[in-house]
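A structural walkthrough
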Amino acid sequence: MKKISIRRTVGAVALTCATAVAATSLPWGFVHHGDFRRMSHTGDTAGKVALAALPQLPGTWGVGASAGLRGEIVQIDGRLLVSLGSDPRGAAQAPGPDAQATLFASARVAQWTDLPIAADMDAQQFEAFLRQQATALGLSLEHPFVFRVTGRFAPLKWHVVTGEAPPAAGHHRPGGHGSPAHGARPHSGMRVFDQPDAAGQLVGVYSGAALEGVVSHPGERLHLHFVDTQEAVSGHVDVYAVKAGSVLKLPVR
């Protein structure tokens, strides 16, 4: 019995060390908690990290979802904002002292490269532009990074999860955390906000190959949240197009 116990302990230590090495090797101090794919498969939406324990230094940007899928989380230059599903406007506010996230990813950026967007782009065109510009700047598409887009978005559809039971079969809304649009059953209802034209910024996480399905939906590399110009409302982006004159901001190596 002692030998078995020792082997298990050694294995646990090795796993912990490997996890620590993997975490510290990610660029820009990238951190993440929770797992989209695991949540979709198991339905586990419990809190994985206290928001108070997250890095909140200036220059830190991130996105996530609240424990129980009761709201959305965005981090703007170190400041955490939560949009609760109970609010009909998707209002963004400071989190409570006991707030937790079931999903969260962030990184700290000291300097941005501004890349003007010369023509209107739909989501597919924008994502191709993002990959092209990131590669030109020497960013690895295999590793995760955070990015931003400031300007106008037309159209824009975003949501805030409510933690309530999802709609009945045949009445699903697109794009939610673990929704059928991403190949999994839904785990929460949501308030959907459909804007033909919106101003503000998108705060995004590019997953890289290794974290696809972990910090982004399976089969996707981007996880985007919208914040309006006044930082008054915020939520998870489902549908978007970027208007000419907007600016893509990528981290400087």
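Attention in this report is confined to the structure presented alongside it. (Residues numbered from 1 in each chain as written. Predicted model: local features only at pLDDT ≥ 70, side-chain atom pairs only at ≥ 80, totals over all residues. Heavy atoms only, no water.)

This paragraph deals with unusual backbone geometry. A cis amide bond, omega 0°, links Ala154 with the succeeding residue Pro155. For Leu69, which is not glycine, the phi dihedral falls at a positive 50°. One can find Leu69 in the loop between strand 3 (60–66) and strand 4 (71–76). (Helix = DSSP H or I, 4+ residues; strand = E, 2+ residues; numbered from the N terminus.)

What follows is about the pairing of strand 14 (residues 234–242). Among the nine residues that make up strand 14, eight are buried, leaving the element largely enclosed by the rest of the structure. Where strand 9 (residues 121–122) lies against strand 14, two bridges are found, and the strand directions are antiparallel. Counted as the bridge partner of Asp122 is Ala241 from strand 14. Two strands pair when backbone bridges link them, and strand 10 (residues 145–161) and strand 14 are joined in this way by five bridges, in the antiparallel orientation. (Buried < 20%, exposed > 50% of the residue type's maximum accessible area, 1.4 Å probe, protein only. Pairing = 2+ DSSP bridges.)

All right, on to the pattern of salt bridges then. Overall, the coordinates contain eight salt bridges when judged by the stated rule. Notably, a salt bridge pairs Lys243 with Asp120, separated by 3.1 Å at the nearest N-O pair. In this pair, Lys243 sits in the loop between strand 14 and strand 15 (247–251) while Asp120 sits in the loop between strand 8 (112–116) and strand 9, placing the two residues 123 residues apart along the sequence. Residue classification places Lys243 among the partly exposed residues on the basis of a relative accessible area of 29%. Overall, the relative accessible area of 45% leaves Asp120 in the partly exposed class. One salt bridge connects Asp197 with Arg152, and the closest N-O pair in it is separated by 3.3 Å. You can see Asp197 sitting in the loop between strand 11 (190–195) and strand 12 (198–206) and its partner Arg152 sitting in strand 10, a full 45 residues away along the chain. Residue classification places Arg152 among the partly exposed positions, given a relative accessible area of 40%. (Salt bridge = Lys/Arg side-chain N within 4 Å of Asp/Glu carboxyl O.)

Moving on, we get to the packing of aromatic side chains. The relative placement of two aromatic rings is captured by the distance of their centres and the angle of their planes. Within this structure, the stated rule accounts for eight aromatic pairs. Plain terms: the ring middles of Trp61 and Trp112 are 6.0 Å apart, the flat faces sit at 85° to each other, and that makes the pair edge-to-face. Here Trp61 is found in strand 3, whereas its partner Trp112 is found in strand 8, with 51 residues between them in sequence. Seen in terms of ring centroids, Phe145 and Tyr206 are 4.8 Å apart; in terms of plane orientation they differ by 20°. Their pairing is stacked. Placement of the pair is Phe145 in strand 10 and Tyr206 in strand 12, with a sequence separation of 61 residues. (Phe/Tyr/Trp six-rings, centres within 6.5 Å; stacked < 30°, edge-to-face > 60°.)

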